[in-house]
Each structure stands twice: as structure tokens, then as C-alpha cells.
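Spelled out from the first residue to the last, the chains are:
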Amino acid sequence: MPTLTRLEARILAYLLDRLPISTRGRCWASPLADGAGEEVVAAAPLAAVPGTSAVFTLARASRRVVLTLTDADPVRVGTVLARAAREAPASEGVSVLSLDDEYLAAYGRAGVALLPPSCGRWFPGVPDAVRFEADVLVVSMATFLAPSELAEARADGTGALLAAFARGGRDLIRFGSRERA
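For the structure given in this document, a descriptive report is provided here. (Residues numbered from 1 in each chain as written. Predicted model: local features only at pLDDT ≥ 70, side-chain atom pairs only at ≥ 80, totals over all residues. Heavy atoms only, no water.)

1. Considering the nonpolar core
Of all hydrophobic cores here, the largest spans 36 residues; its most connected members are Ile11, Leu19 and Phe56. Of all the secondary-structure elements, those providing two or more residues to this core are α1 (6-18), β2 (38-45), β3 (53-57), β4 (64-70), β6 (111-115), β7 (129-132), β8 (135-145) and α4 (147-156). Broken down by element, the residue count for this core peaks at 5 residues, all from α1. Non-local contacts of Leu19, meaning those with residues more than four positions away in its chain, are made with Ala54, Phe56, Leu67, Phe123 and Val126. (Core = buried A, V, L, I, M, F, W, Y, C linked by side-chain atoms within 4.5 Å. Buried < 20%, exposed > 50% of the residue type's maximum accessible area, 1.4 Å probe, protein only. Helix = DSSP H or I, 4+ residues; strand = E, 2+ residues; numbered from the N terminus. Contact = heavy atoms within 4.5 Å.)

As C-alpha cells, then:
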């Protein structure tokens, strides 16, 4: 486990208190591309859903905490979350990123949407932003997008994605997907 800064330890404790996860989790440092440092990522199994984990960044490389639920490999998903946290504009609450990544492509994914946790039902105890003394961090829920969803979000904006989450029409946990016909 990497040595956590005071802020990272506070973020970790905050999320452990608000997510329905097991205490059998772990933290690791995920190197960023081009020697841009590293992001600290944590993951723990969901207590009530076997085979599913919560994976989240601890804002070392950005001012954003990115979290998701997944049935995929937490380390590989953590690497993608770290990259998304680094590449997303810090001031935007909603971001859609195209990611050229072999792991994502193998599961039918082409990018990631970073959305406010309040737009879905998966993280009811997690706010869209959190303050730790002078530090204010954006909190984003990550969902991995199929090529058609990425194209739709690019062409029409993120309104359709937000609407799908609001009505519960989008599965956050299932990593792989089939294209819609």
C-alpha cells in the first residue's frame, strides 16, 4: 500500500463510511502515462453483491475523486479511472472521454462518462463534491460507454446519458456490453 497523504486518508475514510463495501479492500498507486506521476486507487468488494467491487481514486493527481461499481478486474478498472480523473477538466461536473484502451475495447467499451453521483441511484450517500478544510473535490461516478453511447453523447450532449441514469435505465455494474441494435 502506498503512503497516503492526509487528504487521501481522509477521502478513503470518508468513502469507506459511505459505501456499502467490505473492509477487505486495498489501495495501490497507479502510474499515469508519460511520467505524469501516479494516482492512488482503492477497491473493496461490495458487501451485498458477490463478484462486484467499488473502485475509486483518491485525488492525488487531480482535484477529482472518480468512483464506480464493477464486475471487472479492479486493478485494470482503477487504471482507467486514474486516467479519466487526470484527463477530465477539473471544473466540469460532467465529462465524456474517448479512451483508446485495449482492456476497454476487449469488453466493448470506447470511453467513459464522468457524471455527478446524484444523477444515479448507486451512490446515495456520496455527494457531487466534498470539502476537506480548504480542499474542495469534485466527485464523479464513472460509467464505461459502448461506442454507440460515446457517439451519441458526442453528437447530442450528455442529456441522454443523464436521463438514462435518472430513470434507472443504465446498468453501472456490468462492465462488458453488447451494442444496442
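2. A look at the pattern of salt bridges
Under the counting rule described, the total for this entry stands at 8 salt bridges. Among the salt bridges present, the one from Arg18 reaches Asp17, with a minimum N-O distance of 3.5 Å. Its relative accessible area of 61% is what places Asp17 among the exposed residues. One salt bridge in this structure joins Glu38 and Arg60, with 2.7 Å as the shortest N-O distance. Taken as a pair, Glu38 in strand β2 and Arg60 in the loop between β3 and β4 lie far apart in primary sequence, 22 residues in all. Glu38 gets classed as partly exposed once you look at its relative accessible area, which sits at 32%. By relative accessible area, Arg60 is classed as partly exposed at 30%. One salt-bridge network, in which partners are shared between bridges, spans Arg6, Arg10 and Glu133. (Salt bridge = Lys/Arg side-chain N within 4 Å of Asp/Glu carboxyl O.)

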